[in-house]
Amino acid sequence: MILICGGAGYVGSHMVRALVAQGEKPVVIDSLRTGHKAAVHPDAVFVQGDIRDRATLDGILAGYPIDAVIHFAASTQVGESVQKPLEYFNNNVLGMQTLLEAMVAHSVRNLVFSSSAAVYGDPDTVPVTEDAPHRPTSPYGETKRIMEEMMRWVGPAHGIASVSLRYFNVAGAIADGSLGEAHFPESHLIPLILQVPLGRRKQITVFGDDYDTPDGTCIRDYIHVEDLADAHILALAYLRNGGRSDAVNLGNGAGFSVKEVIATAEKVVGKSIPSRIEGRRAGDPARLVASSAKAEAVLGWKPTRSDLENIVATAWNWHAKHPDGYER
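Residues numbered from 1 in each chain as written. Predicted model: local features only at pLDDT ≥ 70, side-chain atom pairs only at ≥ 80, totals over all residues. Heavy atoms only, no water.

Caption draft 1: Structural context of the pairing of strand E1 (residues 2–5). On E1, burial covers both faces: Ile2 and Ile4 on one face and Leu3 and Cys5 on the other are all buried. Pairing of E1 with strand E4 (residues 68–71), which is carried by 4 bridges, proceeds in the parallel orientation. Within the sheet, the bridge partner assigned to Cys5 lies in E4 and is His71. Judged from the 3 bridges that link them, E1 and strand E2 (residues 27–30) form a sheet pairing that is parallel. (Buried < 20%, exposed > 50% of the residue type's maximum accessible area, 1.4 Å probe, protein only. Helix = DSSP H or I, 4+ residues; strand = E, 2+ residues; numbered from the N terminus. Pairing = 2+ DSSP bridges.)

Listed below in structure tokens is the structure:
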């Protein structure tokens, strides 16, 4: 069985759905601080709890035949992390320490970790490869870097093999609109854009149109959440088959500017989406695009759903059906 830490969150809930479809019986632990119980597949075992609570983890690992962990549970907002760095170090780093201690105590040897492109900070070159320097520009990115380092040192000492999956921009939803992205408050570009045609905001704010890019707005790499779930399944199989610890980027390999994303959303929803230009945000690099060549070579992974129009269309299908998310 597989323990999914943070399985009621956006990416975690899609991961649980994918595992159930493969015949797995996932066990989910989630504090529901930002996750949604309604997003957890009914065939999964659900435990409400915090991974920093060792007793809760011990109870799960002693009570179920867990052979692998997929770890999503973390605070993830870059801006918030700058305002609340101690909260981020406590939740993310202490959470990883407690999880690793429990895995060691219960002889669980496989760990797939939800890392982030934030470990790179502002990269020198794009597309970004895994050997790029790690220079986080936020406490959030620093916690992800530290968590990777913890696995790097603990793994050889205690026989734990791990794969760190460094995401770029995750977006989209399950095609039938039954599962999707619901953050309060929302901070991701595509859901924010879609709030305009839903009448939740009057316009979308574009931070900076004077970057060294073709249309002056920032370029980012978007990956469909179901492609991301596929990568976790492949990483899990890789570890179960004896693969050594590694880290890989997950991205589309192609970047889209903020204006291109807005234009695609207008095409999908069939409405004009007003925008307003404001000044640049501190720390926003002009381009962030991943090289996913290593993910293909090591895991055999290639995105198949990450055409921008498909990403936006599946997101729109979800948000149009659930304009207030799950419980709201």
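Caption draft 2: Broad picture of the packing of helix H2 (residues 54–63) against helix H4 (residues 85–105). As a packed pair, H2 and H4 sit with axes 10 Å apart at the nearest point and diverge in direction by 35°. Relative to H4, H2 is oriented so that their crossing is right-handed. In contact with Arg54, Leu57, Asp58 and Leu61 of H2, H4 contributes Thr98, Leu99, Glu101, Ala102, Met103 and Ala105. Of the residues in the contact of H2 with H4, the class split is 6 nonpolar, 1 polar and 3 charged. (Axes fitted to C-alpha atoms, helices over the stretch in contact; angles between N-to-C directions. Left-handed = near helix turned anticlockwise from the far one by under 90°. Contact = heavy atoms within 4.5 Å. Nonpolar A, V, L, I, M, F, W, Y, C, P; charged D, E, K, R; others polar.)

Caption draft 3: Region of interest: the nonpolar core. By size, the foremost hydrophobic cluster in this structure holds 37 residues, and its most contacted members are Ile4, Met15, Leu165 and Leu250. Of all elements in the fold, only E1, helix H1 (10–21), E4, strand E6 (161–167), helix H7 (225–240), strand E10 (246–250) and helix H9 (293–299) reach the threshold of two or more residues within this core. Looking at which element gives the most residues to this core, the answer is H7, with 9 residues. Not counting residues up to four positions away in its chain, the partners in contact with Ile4 are Gly12, Met15, Val16, Leu19, Pro26, Val27, Val28, Ile29, Ile70 and Phe72. With 25 residues, the next largest nonpolar core counts Val45, Val69, Met103 and Met151 among its residues. (Core = buried A, V, L, I, M, F, W, Y, C linked by side-chain atoms within 4.5 Å.)

Caption draft 4: Main features of the packing of aromatic side chains. With the rule as written, the count across this model stands at 1 aromatic pair. Taking 4.9 Å as the distance between ring centres and 45° as the angle between the ring planes, the aromatic pair formed by Trp318 and Tyr326 counts as tilted. Taken as a pair, Trp318 and Tyr326 share a single burial class, namely buried. Between Arg280 and the ring centre of Tyr211, over which it is positioned, the NZ or CZ distance is 4.0 Å. (Phe/Tyr/Trp six-rings, centres within 6.5 Å; stacked < 30°, edge-to-face > 60°. Lys NZ or Arg CZ within 6 Å of the ring centre and 35° of its normal.)

Caption draft 5: View of helix H10 (residues 308–321). The first and last C-alpha atoms of H10 sit 20 Å apart over 14 residues, in line with the 20 Å expected at 1.5 Å per residue. Restricting attention to buried positions, one finds in H10 the residues Leu308, Ile311, Val312, Thr314, Ala315, Trp316, Trp318 and His319. Looking at the buried residues of H10, the elements they touch are strand E7 (169–171), helix H6 (189–194), strand E9 (219–224), strand E11 (255–257) and helix H8 (258–269). Put simply, Asp307 is the residue that caps the front of H10, since its side-chain oxygen is 3.1 Å from the backbone nitrogen of Glu309. (Expected span 1.5 Å × (residues − 1). Polar contact = N/O pair within 3.5 Å; in protein donor to acceptor, adjacent residues only side chain to side chain.)

Caption draft 6: Representation of the pattern of salt bridges within the structure. Here the structure, examined in full by the defined rule, presents 18 salt bridges. Close ionic contact of Glu80 with Lys84 constitutes a salt bridge, the shortest N to O distance being 3.9 Å. The partner of Arg276 in a salt bridge is Glu278, with the nearest N and O atoms 2.7 Å apart. The exposure class assigned to Arg276 is partly exposed, which follows from its relative accessible area of 38%. (Salt bridge = Lys/Arg side-chain N within 4 Å of Asp/Glu carboxyl O.)

Caption draft 7: Fine view of the pairing of E9. In terms of residue burial, E9 counts as a mostly covered element, since 6 of its 6 residues are buried. Here E9 shows a buried face lined by Ile219, Asp221 and Ile223 and a second buried face lined by Arg220, Tyr222 and His224. In this structure, E7 lies alongside E9, joined through 3 bridges in parallel fashion. Within the sheet, the bridge partner assigned to Asn169 lies in E9 and is Tyr222. One ladder, built from 3 bridges, connects E9 with E11; its direction is antiparallel.

Caption draft 8: The arrangement of H4 in detail. In this model, H4 (21 residues) spans 29 Å end to end at C-alpha, consistent with the 30 Å of a helix rising 1.5 Å per residue. Considered for burial, the residues of H4 that qualify are Tyr88, Asn91, Asn92, Val93, Gly95, Met96, Thr98, Leu99, Leu100, Ala102 and Met103. Tucked inside the fold, the buried residues of H4 contact E1, H2, E4, helix H3 (78–83), strand E5 (110–116) and helix H5 (139–158). Immediately downstream of H4, the backbone of Ser107 shows phi near 60°, a positive value.

Caption draft 9: Region of interest: the sheet that holds E4. If you walk across this open sheet you meet the 7 strands as E3-E2-E1-E4-E5-E6-E10, and the pairing is parallel. Every interior strand has two partners, whereas the edge strands, strand E3 (45–48) and E10, have only one. On average, adjacent strands in this sheet sit at an angle of 20° to one another, irrespective of strand direction. Sheet strands touched by H1: E1, E2, E4 and E6. Its angle to E1, the strand with the most contacts, is close to 160°. Contacts from H4 reach E1, E4 and E5 within the one sheet, and its direction differs from that of E5 by about 170°.

Caption draft 10: Quick look at the environment of Arg17. One can find Arg17 in helix H1. Arg17 gets classed as partly exposed once you look at its relative accessible area, which sits at 25%. Taking C-alpha positions, Arg17 is 32 Å from Pro156, a pair spaced 139 residues apart along the chain. The contact partners of Arg17, leaving out residues within four places of it in the chain, are His41, Ile174, Ser178 and Leu179.

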